[in-house]
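Architecture and fold: a report
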Amino acid sequence: MYRLGITMQTVNLRDTKSYDEIIARVVVFQKEKNVSFIEGRGWDQNDWENKEFPSREKLDSLFPETPVVLTRIDGHAMLVNGKALDLAGITATTKIEGGQVEVVNGKTTGILVDNAMELIKAITPEPDLKTKIQALKDAQETVFKYGITSVNEAGLERDIIELIDSLQQANQLDLNIYAMVRTSKENLEYYLKKGIYKTDKLNVRSFKFMGDGALGSRGACLHLPYSDKPKQFGALLNPIDETKRIAQQIANSDFQMNAHAIGDSTNTFLLKIYAAVLKDKPNRRWKIEHAQIMQEQDFDLFCIRYHSICSTNTCYFRYVLGRR
């Protein structure tokens, strides 16, 4: 929800039908706002006639001295211009574990996938407090229009959680929020020590862990390569040993772990880690967010019987699958 509100303060790129339409929206936005750092979100090349990723040349010619950062609709890829690349120190030789700097004919295209985006985020100006508050209020107004009164907020920083809490306490924010804390070293240290925090409107009891990227940006980690990119399998966003360590930390607390896992390879290894760290720990209600692509042989990994905490003779899970 917070990201929705922040996006509403930038260029809206949803429902664009071509790269030229993106360019037109950015130009109109900049004429109205005249900002020193242009941001936008919502483009999806799969909606265009030409479904290839766009390249930065047009942005470079129109905005040679103003950084432009346009995030894909899934939040797992960016198109940025040359100025933004220069500020972030990104070149054609930059290598990022768990991410990709797209290079064609020895030149950066401006496309950054998953962890490579962190280099841009590091040089992106932080919204001020007034903007953050307005973002939350704008997002609340939007979701209320759809009759939504409660949301799962997946992956928040501590300062935004505390801001939400303060606005709710002051009756400026009425939305009920189940807040997943973004899994960082600092957040783990703070919240594992603090423990679960719950009010009438805010429930902070889980960590959002990022396992892989998304399908549309070819970042979801698969057992087999992408059909349109035979050498690309996607990528895990964290080393497996690091994932195991974090999962064990959370398992030793009362918090849930909610892992973003889209690709079948990511689902396989995360579910096996869940089974290992949750052994003899019943009713933890850990989640896999998305599980978009699965191997059939991994279905049982979702079953509590696999986790050695099911004592029933009949299993509804297996009944649904037709595999009693």
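So, a few notes on the structure that sits alongside this text. Since we're looking at a predicted model, the values are computed, not measured. (Residues numbered from 1 in each chain as written. Predicted model: local features only at pLDDT ≥ 70, side-chain atom pairs only at ≥ 80, totals over all residues. Heavy atoms only, no water.)

1. Considering the environment of Ser55
Mapped onto the secondary structure, Ser55 falls in the loop between β2 (38–43) and α3 (57–62). Along the primary structure Ser55 and Leu79 are separated by 24 residues, whereas in three dimensions their C-alpha atoms are 7.3 Å apart. Filtering out sequence-adjacent residues up to four positions away, Ser55 remains in contact with Tyr19, Leu79 and Thr109. Polar side-chain contacts of Ser55 include one of 2.7 Å to the side chain of Glu57. (Helix = DSSP H or I, 4+ residues; strand = E, 2+ residues; numbered from the N terminus. Contact = heavy atoms within 4.5 Å. Polar contact = N/O pair within 3.5 Å; in protein donor to acceptor, adjacent residues only side chain to side chain.)

2. Remarks on the pattern of salt bridges
Scanning the entire structure with this criterion turns up 16 salt bridges. In this structure, the salt-bridge partner of Asp44 is Arg72, at a minimum N-O distance of 2.8 Å. Here the residue Asp44 occupies a position in the loop between β2 and α3, and Arg72 occupies one in strand β3 (residues 68–72), the gap between them amounting to 28 residues. Both residues of the pair, Asp44 and Arg72, count as buried. Of the charged contacts in the structure, one is a salt bridge between Glu157 and Arg182, with a shortest N-O distance of 2.4 Å. One end of the pair, Glu157, is in the loop between β7 (150–156) and α7 (158–169); the other, Arg182, is in strand β8 (residues 176–182), with 25 residues separating them in the sequence. Overall, the relative accessible area of 30% leaves Glu157 in the partly exposed class. Among the charged side chains, a salt-bridge network with shared partners connects Asp44, Arg72 and Asp74. (Salt bridge = Lys/Arg side-chain N within 4 Å of Asp/Glu carboxyl O. Buried < 20%, exposed > 50% of the residue type's maximum accessible area, 1.4 Å probe, protein only.)

3. A look at the sheet that holds strand β6 (residues 107–114)
On the basis of which strands lie adjacent, the open sheet formed by six strands has the order β1-β2-β3-β4-β6-β5 and mixed pairing. Taken across any chain shown, the strands that pair with only one partner, and hence form the sheet edges, are β1 (11–12) and β5 (99–104). Bridge count for β2 against β3 is five bridges, and the pairing is parallel. Across the sheet, the residue bridging to Gly40 is Leu70, located in β3. (Pairing = 2+ DSSP bridges.)

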